[in-house]
Amino acid sequence: MAAGLGFDPSQVQDPMFMTVGNTGSALALMMLVAALEEANAGDRVLLASYGNGADAFEIEVTDGIGKLGERRGIRKHLESKRMVKNYETYLRWRDLLTLEPARRPERPPMSISELWRERRQLLAFYGQKCTNCGTPQYEVRPGRVCVVCQAKDQFEPYRFADKKAKVFTFTQDMLQSSNDPPNTAVVVDFEGGGRGMFDLTDRDPEEVEVEMPVEMTFRKLYFNRGVHNYFWKARPVR
Amino acid sequence: MGESIKDKVAIIGMGCTQFGELWEKNVTDLMVEAAYEAYDDAGVDPKDIEAAWVGTFYEYSGMAGMAAGVPLRLQYKPVTRVENMCCTGSDALRNASYAVAARVYDVVLAIGAEKIKDQGLSGLQGASGAGVHVFPSVAPPGIFAMLATRYFARYGLSPEEGKTMMAKISVKSHHNGSLNPKAHLRRRVTVEQVINAPIVAWPLGVFDCCGVSDGSAAAVVVRAEDAHKYRKDPVYIKALQICIGHGQGWTRSDWDYTHIDETVHAGEKAYAEAGIKNPREEISMAEVHDCFSITEALIMEDLQFSPRGKVKEDIDSGFFELSGGLPVQPDGGLKSFGHPVGASGLRMMYEMYKQLQGKAGERQIKDPKLGLVHNLGGPPTSPAISCLIAGL
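Residues numbered from 1 in each chain as written. Chains lettered and ligands numbered in written order. Predicted model: local features only at pLDDT ≥ 70, side-chain atom pairs only at ≥ 80, totals over all residues. Heavy atoms only, no water.

Let's talk about the nonpolar core
The condition that has to hold: For the purposes of this section, nonpolar cores are sets of buried Ala, Val, Leu, Ile, Met, Phe, Trp, Tyr and Cys residues that join through side-chain atoms within 4.5 Å. For every residue, the accessible area obtained with a 1.4 Å probe (protein chains only) is divided by the maximum for its type, and the residue is called buried under 20%, exposed over 50%, and partly exposed between those limits. The helix and strand labels rest on DSSP assignments: H or I over at least four residues marks a helix, E over at least two residues marks a strand, and numbering proceeds from the N terminus. By the convention used here, residues are in contact when the closest approach between their heavy atoms is within 4.5 Å.
In terms of nonpolar packing, the biggest core is built from 96 residues, with B:L93, B:M165, B:I294, B:F305, B:M349, B:L372 and B:I389 touching the most fellow members. For this core, the element with the most residues is helix α4 (residues 140-155) of chain B, which contributes 8 residues. The contact partners of B:M349, leaving out residues within four places of it in the chain, are B:I11, B:M14, B:L93, B:I237, B:V373, B:L388 and B:A390. Within the second largest apolar cluster, 30 residues are counted, among which are A:Y138, A:V186, A:F190 and A:V214.

As structure tokens, then:
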């Protein structure tokens, strides 16, 4: 397609099929991010995608590109990838292997209205900070009354997604069903205050210890009854 | 502030079923057996019961007042269902006691029951229903295991030292349970067996976790001044306290995960209500909520039985064994007697009641004066804790 438009192969951005795979509707924008990571002021970028229709943008890179600062983007995400240990683990994560279910309760349904209502906590990973006593606090269903000073409705939004954190305590659970046993659950304390309990992902169970530095990462927990359940997990800092 | 409950209310009869995997019994069998043992023990007619408080955690064990009204055929009587997770049974007794203390009724029943094993699950079930489900994929043992991880880290215990400390707790409880015909798990175990058992949630192995059981327990409660009309050895309530978490455990980073605030508060208030100055010396025996071995260890410190960080020394010296200075779990505890959620608080009181009356058979503690019941509901991050004290 690029050749048909008269482009030299050196002008075409790597579609990342060998490193990431086909991410569907996200792919064009991911390629744009990758292109901008290598771009210099004055470069011109053609962003074109098609599906049930097609669109195209011409983008000119300005000297603002140098002011973006440190970002993980595409390149650093790829550099920080962790290889799945074996093929069976991959099959389990992708739900391609049928296993005898654990003798534990079935996953209860998700409430669409509650997923929408609590989207700020679930997707953007915001908590809140009490403006009276200054305590940052994270709950999926945020409190109206401060857990420390009991002030009512005196909160400002507080972003946890970019905070560094440390493992305060943890367990390796063998009872609950899992794609990647044991389930490593951690209690983490965020730098600047606030605590939460999360799954620890992309980890070697043997390496988990108290005080281990972790960072937060946005993941799909599972798909159930027609709903994708997205949330945040902790993982060892990369 | 209201008045203390001390010596205003007495238990005049108690009943408790066999706990276990009771495939041939339904929840009606369990409640009838517990209630009628309590009626017989109290010398009351079922028709003498004026009101009842029934504890069930799971809706399949019974919902609303009819949870007890139907199986016990309490015809046209007021019955209230109580639910406070694993703390349900002791809270049913607390509510029943307040009703007679308020002189609204003269003779009431507190009963708890659970029929869990039909569900075919490993361990207990948490919340169901549509909602947001993003909590980590851990079952209750995992949540409590985090107490152990932190306890080991705080006090510098190696995994081997920590697991040995916890193992001795379970060995003691299995020993006591082996002497109890109504207990679910009656086999004695060794420290080596406990340490080497399969892991459920690191560092907790199978023998660090309590049994999950079917069962029921019940108490008949009257005002203290009426108690001697029924029997010569009633057991008097000395304190009834409950303390509920407010979410601080999962939001505040200043909680240390090596104690449980609610137990500390409930204990302090119960000691004040009962007029106890030195719990380690004055409490004769205790049944506490040993859902997991590490939970019992923390409770010993939180109730001031052991100094902070020093429970290991008391465990090593046998202080909590049947022959020790302060026997804990004389009936085997949740560990060995089993844990039918809504019944457990009343089962604990059943053992204190029998011990105080000198009717605990092979497990009898010499001349006990005061028995303490500690019952925990919910996660350690924000639990319901009741602390009841009974005595002669």
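On we go.
Examining the packing of aromatic side chains
How two aromatic rings sit relative to each other is given by the distance of their centres and the angle of their planes. Residues and elements named next belong to chain A. What counts is decided by this rule: Only Phe, Tyr and Trp rings take part, Trp by its six-membered ring, and two of them pair if their centres are within 6.5 Å. Stacked means planes under 30 degrees apart, edge-to-face means over 60, and tilted covers everything else.
By the definition in use, this model includes 25 aromatic pairs over all chains. On the basis of an interplanar angle of 85° and a centroid distance of 5.9 Å, the ring pair of Y138 and F160 is categorised as edge-to-face. Residue Y138 is found in the loop between β4 (136-137) and β5 (155-159), and its partner F160 is found in the loop between β5 and β6 (165-173); the two are separated by 22 residues along the sequence. Note on Y138: relative accessible area 5%, which makes it buried. A relative accessible area of 0% means that F160 is categorised as buried. Aromatic pair F218 and W232: ring centres 5.4 Å apart, planes at 55°, arrangement tilted. Of the two residues, F218 sits in strand β9 (residues 213-224) while W232 sits in strand β10 (residues 227-236), which places them 14 residues apart along the sequence. Take F218: its relative accessible area is 37%, and that puts it in the partly exposed class.

Here we look at a nonpolar patch on the surface
Note the threshold: Exposure above 30% relative accessible area and no salt bridge define the residues that can form patches, which grow by joining like charges within 9 Å and nonpolar side chains of Val, Leu, Ile, Met, Phe, Trp and Tyr within 5 Å. Surface accessibility follows the Shrake-Rupley procedure with a 1.4 Å probe radius. Residue values consider only the protein chains on display as shielding. Throughout this description, the term salt bridge denotes a Lys or Arg side-chain nitrogen within 4 Å of a carboxyl oxygen of Asp or Glu.
A cluster of nonpolar residues, A:M1, A:L5, A:F7, A:V12, A:L46 and A:Y50, forms a patch on the protein surface that exposes about 690 Å² of accessible area. Looking at the element boundaries, A:L46 is found in strand β1 (residues 44-51).

Describing α4(B)
Residues and elements named next belong to chain B. Our working definition: Any helix carries an expected span of 1.5 Å times its number of residues minus one.
Look at α4: 24 Å from first C-alpha to last across 16 residues, which is about the 22 Å you get at 1.5 Å a residue. By the criterion of burial, α4 is predominantly enclosed, with 12 of the 16 residues buried. Burial in α4 covers these residues: P141, G142, I143, F144, A145, M146, L147, A148, T149, R150, Y151 and F152. Among the residues trailing α4, G156 stands out with phi positive, at a value near 65°.

So, the interface of chain B and chain A
Operational definition: When two parts are brought into contact, each loses some accessible area as probed by a 1.4 Å sphere; the total of that loss over both is the buried area. The term polar contact refers here to a pair of N or O atoms within 3.5 Å; inside protein, the definition further demands a hydrogen-donor-capable atom paired with an acceptor-capable atom, and it admits residues adjacent in sequence only when both atoms are side-chain atoms.
Taken together, the contact pairs 44 residues of chain B with 46 residues of chain A. When chain B packs against chain A, the two sides together hide about 3,600 Å² of surface, and 62% of this comes from carbon and sulfur. Considering only the surface of chain B that becomes buried against chain A, B:V132, B:V134 and B:T251 emerge as the three largest contributors, covering 17% of it. Between the two partners, chain B and chain A, sit 1 salt bridge. Here B:R150 makes a salt bridge to A:E211, at a shortest N to O gap of 3.6 Å. Where chain B packs against chain A, one counts 24 residue pairs in polar contact (both at pLDDT 80 or more). Listed by contribution, the elements that provide at least two residues to the side of chain B that touches chain A are α4, β5 (199-202) and α7 (248-251) of chain B.

Brief notes about the sheet that holds strand β3 (residues 126-130) of chain A
Residues and elements named next belong to chain A. Note the cut-off: Two strands qualify as a pair provided DSSP detects at least 2 bridges between them.
The 3 strands are arranged β4-β3-β5 in an open sheet whose pairing can be described as antiparallel. Two strands in the sheet have a free side with no partner beyond their single neighbour: β4 and β5. Two strands pair when backbone bridges link them, and β3 and β5 are joined in this way by 5 bridges, in the antiparallel orientation. Following the sheet pairing, K129 is matched in β5 by E156.

A few points about the sheet that holds strand β11 (residues 384-391) of chain B
Residue and element names in this part refer to chain B. What counts is decided by this rule: Fitting a line to C-alpha atoms yields each axis, with helices limited to the stretch in contact; the angle taken between N-to-C directions then spans 0 to 180 degrees.
The strand order across the open sheet formed by 9 strands is β3-β2-β4-β7-β1-β8-β11-β10-β9, and the pairing between neighbours is mixed. The strands lining the two open edges of the sheet, one partner per strand, are β3 (79-82) and β9 (285-287). Taken over all neighbouring pairs, the strand axes of this sheet differ in orientation by 25° on average, direction set aside. Of the pairings in the sheet, the one linking strand β2 (residues 51-55) to strand β4 (residues 107-114) comprises 5 bridges and is parallel in character. Residue pairing across strands places V54 opposite I111, the latter belonging to β4. Sheet contacts for helix α3 (residues 88-101): β1 (9-16), β2, β3, β4, β7 (215-223), β8 (235-244), β10 (370-377) and β11; angle to β4, the most-contacted strand, approximately 170°. Its contacts with the sheet place helix α13 (residues 344-356) against β1, β4, β7, β8, β9, β10 and β11, and it is angled at close to 105° to β1.

Here's the deal with the environment of B:I199
Structurally, B:I199 is set in strand β5. With near-sequence residues (within four places) excluded, B:I199 lies in contact with A:Q172, A:M174, B:K163, B:L204 and B:G205.

Let's talk about helix α1 (residues 27-42) of chain B
Residue and element names in this part refer to chain B. Over its 16 residues, α1 runs 22 Å from end to end, which matches the ideal 22 Å to within 8%, given 1.5 Å per residue. Every buried residue of α1 is listed here: V27, L30, M31, A34, A35, A38, Y39, D41 and A42. Of the surrounding secondary structure, the elements contacted by the buried residues of α1 are β1, β2, α2 (66-69), β4, β7 and α13. Two or three places before T28, at the start of α1, stands the capping residue N26, its side-chain oxygen 3.0 Å from that residue's backbone nitrogen. Just downstream of α1 lies G43, where phi reads positive at about 70°.

Take it as geometry only, folks, not as evidence of what the structure does.
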